[in-house]
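Reading the structure
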Amino acid sequence: MRRQVVIIGGGPSGLLLSQLLHRDGIETIVLERRSRDYVLGRIRAGVLEWGSVEMLRTAGVDGRMNDQGLVHGGTYLAARNRGFRIDFEARVGRKVMVYGQTEVTADLYAARDAMGGEIIHEAEGVAPHGLDTAAPWVSYVKDGTEHRIDCDYVVGCDGFHGVSRGCIPESVRTEYERIYPFGWLGILSEVPPVSHELIYANHPRGFALCSMRNPQLSRHYIQVGLDEKAEAWSDDAFWDELRRRIPQDAADTLVTGPSIEKSIAPLRSFVCEPIRWGRLFLVGDAAHIVPPTGAKGLNLAISDVHYLWQGLRARYGDGEEEGLARYSERALARVWKSVRFSWSMTTLLHHFPEQGAFGQRIQDADLAYLEQSEAAQTALAENYVGLPF
Ligand code: RFL
Ligand code: PHB
């Protein structure tokens, strides 16, 4: 079998890239390790930058998002149970879209099916070969039979734990990493959101976030220790802890209910450089991870897809190789700015074990400055809504 581009990983970045390339007449095949139900059962990102919204529109997967996505013109930050609003529209004239990654992925699968896109689920032992030659190929096993696909390019969209990144020789690859000393315990619950926009709360007991998926479905997170277990948190214990950390008016009106999903995610910043080696390109979480505090992970995956799609369509359109040659440098320039922003939001809003009373005071002062300074709000808003591609 031969395809022009083999994409490893059927998460949002792999599906979006295959959709965009297919619309340009470039043949792709997606190899996904898991079943479709498993991929669609993962609860992850909730906020799309406007550039991401436009990319999904370009890919023709915006129908449900246009109907059901919630456009937010600002967000709340809170310190010590008192919130204030950052007005994105007033500060930078832009907005974000609250629309879950689960929905984005479902829309992408529907669009790939409608176009007859090839996605092999439960592909085991996926392995790229010959990446530093002009004739790379990928092998995998499906239902006990080994298959081989020859191709021009291999794209690693296989997330942080995928096989692709490790194919770049260690002598070429540099990895930058910071692991944070806490995680996020998240719950999904069929109750109305506590506020019409998100609330990011700093509190001496730890960070909390009130988010949503739709007017009847709330998504909330609290900072927890790395040794904690989701099963050890009853729903009541979660709601009580959330109430202690968020603004008083929100705590007073919080509607609680049973959780329909509960899990703990660790927080990490990670960047691999370069993200191209020979005929291999890394995209999204395969190349970099950010802590979720800035809502950037999915959006960075989409901006990587943008640069690579541009490079591949120029290569197949008029034989121009420059976009591919500069993919790593262009994508990483934007990645590092989002890595910085996610790190700074994480540092501003979480309780660090070693921070002490001095650290808490610095955070209080930083948040007071943000509340009072239009300049500080503009910088936060500009980053949150998304820097240009
Ligand atoms: P994914 O989604 O991890 O998909 C990778 C796919 O590759 C498959 N795979 C393999 N397939 C074949 N062979 C192998 N050897 C394979 N190894 C892995 C996997 O099964 C999977 O299907 O990566 P992708 O496409 O790059 O997308 C990245 C995003 O998923 C991620 O950045 C975001 O979810 C991060 N994130 C957020 N991003 C935002 O932009 N806004 C947010 O509000 C936001 N909130 C979050 C988040 C991530 C979270 N968690 C749990 C990590 C909130 C949370 C809690
Ligand atoms: C979410 O709704 O899951 C969400 C929203 C904003 C974030 C992180 C996660 O910064």
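Just so it is clear, the structure is predicted and the values come from calculations on it, not from any experiment.

The rules we used
Residues numbered from 1 in each chain as written. Chains lettered and ligands numbered in written order. Predicted model: local features only at pLDDT ≥ 70, side-chain atom pairs only at ≥ 80, totals over all residues. Heavy atoms only, no water. Axes fitted to C-alpha atoms, helices over the stretch in contact; angles between N-to-C directions. Helix = DSSP H or I, 4+ residues; strand = E, 2+ residues; numbered from the N terminus. Parallel < 35°, antiparallel > 145°, perpendicular 65-115°, else oblique. Left-handed = near helix turned anticlockwise from the far one by under 90°. Contact = heavy atoms within 4.5 Å. Nonpolar A, V, L, I, M, F, W, Y, C, P; charged D, E, K, R; others polar. Expected span 1.5 Å × (residues − 1). Buried < 20%, exposed > 50% of the residue type's maximum accessible area, 1.4 Å probe, protein only. Polar contact = N/O pair within 3.5 Å; in protein donor to acceptor, adjacent residues only side chain to side chain. Pairing = 2+ DSSP bridges. Domains from an automatic or database assignment. Buried area = accessible area lost by both parts, 1.4 Å probe. Near = heavy atom within 4 Å. Areas by Shrake-Rupley, 256 points an atom, 1.4 Å probe, with all protein chains shown as cover.

Another point: the packing of helix 1 (residues 12-23) against helix 9 (residues 297-318). Packing of helix 1 against helix 9 leaves a shortest axis separation of 9 Å and a crossing angle of 30°. Classified by the angle between their axes, helix 1 and helix 9 sit roughly parallel to one another. Where helix 1 crosses over helix 9, the two elements pack in a sense that is right-handed. Facing helix 1, whose interface residues are Pro12, Ser13, Leu16, Leu17, Leu20 and Leu21, helix 9 presents Leu298, Ala301, Ile302, Val305, Leu308, Trp309 and Leu312. Looking at the contact of helix 1 with helix 9 residue by residue, the class counts come to 12 nonpolar, 1 polar and no charged.

Taking 1.5 Å of rise per residue, 12 residues should cover 16 Å, and helix 13 (residues 374-385) covers 16 Å from first to last C-alpha, within 8% of that figure. Those residues of helix 13 that fall on the buried side of the exposure criterion are Ala376, Gln377, Leu380, Ala381, Asn383, Tyr384 and Val385. A side-chain oxygen of the first residue of helix 13 lies 3.2 Å from the backbone nitrogen of alanine 375; this N-cap is serine 373. Of the residues trailing helix 13, glycine 386 is marked for its positive phi of about 110°.

What follows deals with the sheet that holds strand 11 (residues 145-150). Read across the open sheet, the 3 strands follow the order 9-10-11; overall the sheet is antiparallel. Of all the strands in the sheet, the pair left with one neighbour each is strand 9 (124-129) and strand 11. Recorded for the sheet is a direction-independent mean angle of 15° between the axes of neighbouring strands. Bridge count for strand 9 against strand 10 (residues 137-142) is 4 bridges, and the pairing is antiparallel. Looking at the pairing, histidine 129 lines up with tryptophan 137 of strand 10.

Turning our eyes to something else, we now look at the domain arrangement of the chain. For the chain, the assigned domains read domain 1 (5-72 + 96-177 + 268-345) and domain 2 (181-267 + 352-385). A C-alpha centroid distance of 29 Å is found between domain 1 and domain 2. With 22 residues of domain 1 in contact, the opposing surface of domain 2 contributes 20 residues. Here domain 1 meets domain 2 over a buried area of about 1700 Å², counting both sides, of which 67% is carbon and sulfur.

Bringing the pairing of strand 16 (residues 217-224) into the picture now. Judged by how many residues are buried, strand 16 sits mostly within the fold: 8 of 8 residues are covered. Burial along strand 16 is two-sided: Leu217, Arg219, Tyr221 and Gln223 and Ser218, His220, Ile222 and Val224, pointing in opposite directions, are all buried. Pairing of strand 13 (residues 174-189) with strand 16, which is carried by 7 bridges, proceeds in the antiparallel orientation. Directly across from leucine 185, in strand 16, lies its bridge partner isoleucine 222. Across 6 bridges, strand 15 (residues 208-214) lies against strand 16 in antiparallel orientation. Across the sheet, residue cysteine 210 finds its bridge partner in strand 16, namely histidine 220. Between strand 15 and strand 16, which pair antiparallel in sequence order, lie 2 residues.

Bringing the site of ligand 1 into the picture now. What surrounds ligand 1 is a group of 32 residues, the closest being Glu32, Arg42, Gln101, Asp285 and Leu298. Here an oxygen atom of ligand 1 sits 2.7 Å away from a polar atom, N or O, in the side chain of aspartate 285. The separation between an oxygen atom of ligand 1 and a polar main-chain atom of asparagine 299 is 3.1 Å. When ligand 1 sits alone it has 1000 Å² of accessible area, and the protein chains cover 88% of it. When residues of the shell around ligand 1 are assigned to their parent elements, the largest contribution, 3 residues, is made by helix 9. Looking at side-chain class alone, the shell around ligand 1 contains 14 nonpolar, 10 polar and 8 charged residues.

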